[in-house]
Amino acid sequence: MNKLPYSITQIRKFLLERDFPEKIDSAVILGSGLGDFISVIEDSFSIPYSEIPGFPETSVQGHSGDLWTGTVSGRSIIAFSGRFHHYEGHAFPVTVLPVRLAEAFGAEKLIISNAAGSINTEFSVGDLMVIDDIIQPFQSVAAAPSDRFRYNLYPEAARVRKIAAEIGLEVQRGTYIYVTGPNYESKAEIRAFRVLGADVVGMSTVPELVEASRLNLRAAAISLVTNMAAGVLKQKLDHSEVKEAAEARKDDFARLVTALIEKL
Ligand code: HPA
């Protein structure tokens, strides 16, 4: 599906009828396996994506596909447990649906998370990494034709690192390279990405950051290293690693997202 069958205004209207708040402070996009964050939301309730008009269903393991609302530190939020990827056949307008909806609810900030493979051999599985910068190879995919030139993409990276430091959380920092998937990379691709300067690789987040920039929405982007990328270690990659790494770091991840909601 490439076009949205319902406008963002219509989707918002539906959610308001289902008691979502008129105005939110922050929106959170939860990456693969990171859905446990919803347990820290107070007074929370959710709607399955399948009940929201115009929402495509997600088909990915580890993504349940529910839209949550409630409060964190007294601030009103929405949280997307499950997102829309290019590899599921979605084009740009669908991959950035959460960002547009966040803006429609008056969000002042957007916190994006993902599971990523580490290209950087100094990183370990389970590391949290503040995304400092992105590489969109050949800028081939995340294009919004109606809005051509964007400057100063993702200026908040330094602030995100500072907030992590303020809560005493050790995080890596680095560059995220975007691939459309669905296959994981070849070893040769990973060697090439290392030469390009990438630290981690993943299949999301970049379209959402580009759209946040277009909408002037303050953004934070966090990767959880769920595996070493292809060829870094001898062992084969497997999706179960995503869940294990996320389970091990869920409390630190929740602490970081909470601090970002409070301070970004
Ligand atoms: N490659 C691409 N996407 C990913 C990976 C990876 O190794 N790990 C988690 N998401």
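The text that follows walks through the structure, step by step, so that each part is easy to find. (Residues numbered from 1 in each chain as written. Predicted model: local features only at pLDDT ≥ 70, side-chain atom pairs only at ≥ 80, totals over all residues. Heavy atoms only, no water.)

1. Topic: helix α6 (residues 206-214)
Working step 1: For α6, a buried count of 8 out of 9 residues is recorded, marking the element as mostly surrounded by other parts of the structure.
Working step 2: All buried positions along α6 are accounted for by V206, P207, E208, L209, V210, E211, A212 and S213.
Working step 3: Looking one or two places after α6, you find N216, whose phi comes out positive at around 55 degrees. (Buried < 20%, exposed > 50% of the residue type's maximum accessible area, 1.4 Å probe, protein only. Helix = DSSP H or I, 4+ residues; strand = E, 2+ residues; numbered from the N terminus.)

2. Notes on the pairing of strand β4 (residues 75-81)
Working step 1: Judged by how many residues are buried, β4 sits mostly within the fold: 6 of 7 residues are covered.
Working step 2: Note: strand β1 (residues 26-30) against β4, 5 bridges, orientation parallel. Looking at β4, one finds that L30 is bridged to S81.
Working step 3: For strand β3 (residues 66-72) and β4, the ladder comprises 7 bridges, and the chain directions are antiparallel. Residue pairing for β4: V72 is matched across the bridge by R75.
Working step 4: Counting the residues between successive antiparallel strands, the hairpin from β3 to β4 contains 2 residues, one of them, S73, with a positive phi of roughly 50 degrees. (Pairing = 2+ DSSP bridges.)

3. What about empty space enclosed by the protein?
Working step 1: A complete count under the given rule lists 2 cavities of 30 Å³ or more for this structure.
Working step 2: Estimated volume of the second largest cavity: approximately 30 Å³.
Working step 3: Around the second largest cavity, the lining residues are R83, F84, H85, H86, T95, Y178, M203, S204, T205, P207 and E208. (1 Å grid on protein atoms, 1.4 Å probe; cavity = no way out; pocket = protein on both sides within 12 Å on 5 of 7 lines; lining within 4 Å. Points joined across faces, edges and corners; volume = space filled by probe spheres on them.)

4. Focus: unusual backbone geometry
Working step 1: Cis peptide bonds are those with omega within 30 degrees of zero, and the linkage from G181 to P182 qualifies with 0 degrees.
Working step 2: With respect to the element layout, P182 can be found in the loop between β7 (172-178) and α5 (187-196).
Working step 3: Even without being glycine, S73 reaches a positive phi, approximately 50 degrees.
Working step 4: Positionally, S73 belongs in the loop between β3 and β4.

5. Remarks on the side chain of S223
Working step 1: Turning to its location among the elements, S223 is positioned in strand β9 (residues 218-228).
Working step 2: For S223, the side chain forms a polar contact with the side chain of N114, separated by 2.8 Å.
Working step 3: The residues touching S223, leaving out its near neighbours within four places in the chain, are N114, A116, D127, L128, M129, I131, Y176 and V200. (Polar contact = N/O pair within 3.5 Å; in protein donor to acceptor, adjacent residues only side chain to side chain. Contact = heavy atoms within 4.5 Å.)

6. Comments concerning the site of the ligand
Working step 1: Close to the ligand lie A115, A116, G117, Y184, E185, V201, G202, M203, T226 and N227.
Working step 2: Contact between the ligand and A115: a nitrogen atom at 3.3 Å from a main-chain N or O atom of the residue.
Working step 3: Coverage of the ligand by the protein chains reaches 95% of its 260 Å² of free accessible surface.
Working step 4: Within the residue set of the shell around the ligand, elements represented by two or more residues are β5 (109-118), β8 (200-202) and β9.
Working step 5: The dominant element in the shell around the ligand, judged by the number of residues it contributes, is β5, at 3 residues.
Working step 6: Each residue belonging to the shell around the ligand can be placed in one class, and the counts come to 5 nonpolar, 4 polar and 1 charged. (Near = heavy atom within 4 Å. Areas by Shrake-Rupley, 256 points an atom, 1.4 Å probe, with all protein chains shown as cover. Nonpolar A, V, L, I, M, F, W, Y, C, P; charged D, E, K, R; others polar.)

7. Looking at the nonpolar core
Working step 1: Core analysis: the biggest nonpolar cluster contains 76 residues, and L15 and F37 have the highest contact counts within it.
Working step 2: Here this core takes 9 residues from helix α7 (residues 240-263), the largest share from any one element.
Working step 3: In this structure, V179, F193, V201 and A229 belong to the second largest nonpolar core, which totals 11 residues. (Core = buried A, V, L, I, M, F, W, Y, C linked by side-chain atoms within 4.5 Å.)

8. Some points on the pattern of salt bridges
Working step 1: Here the structure, examined in full by the defined rule, presents 15 salt bridges.
Working step 2: Close ionic contact of R100 with E211 constitutes a salt bridge, the shortest N to O distance being 2.7 Å. With R100 in helix α3 (residues 97-104) and E211 in helix α6, this pair connects stretches of sequence that are 111 residues apart. Neither R100 nor E211 differs from the other in exposure class; each is buried. (Salt bridge = Lys/Arg side-chain N within 4 Å of Asp/Glu carboxyl O.)

9. Comments concerning the side chain of T69
Working step 1: Structurally, T69 can be placed in strand β3.
Working step 2: A polar atom in the side chain of T69 sits 2.8 Å from the backbone oxygen of I77.
Working step 3: The contact partners of T69, leaving out residues within four places of it in the chain, are F20, P21, I41, D43, S44, F45, I77 and I78.

10. Notes on a positive patch on the surface
Working step 1: Judged by side-chain charge, K187, R191, R194 and K234 come together as a positively charged surface patch.
Working step 2: Examined against the element boundaries, R194 turns out to sit in helix α5. (Patch = residues over 30% accessible without salt bridge, like charges linked within 9 Å, V, L, I, M, F, W, Y side chains within 5 Å. Lys, Arg positive; Asp, Glu negative; His and termini not counted. Charge placed at Lys NZ, Arg CZ, Asp CG, Glu CD.)

Read these as spatial facts, not as claims about activity.
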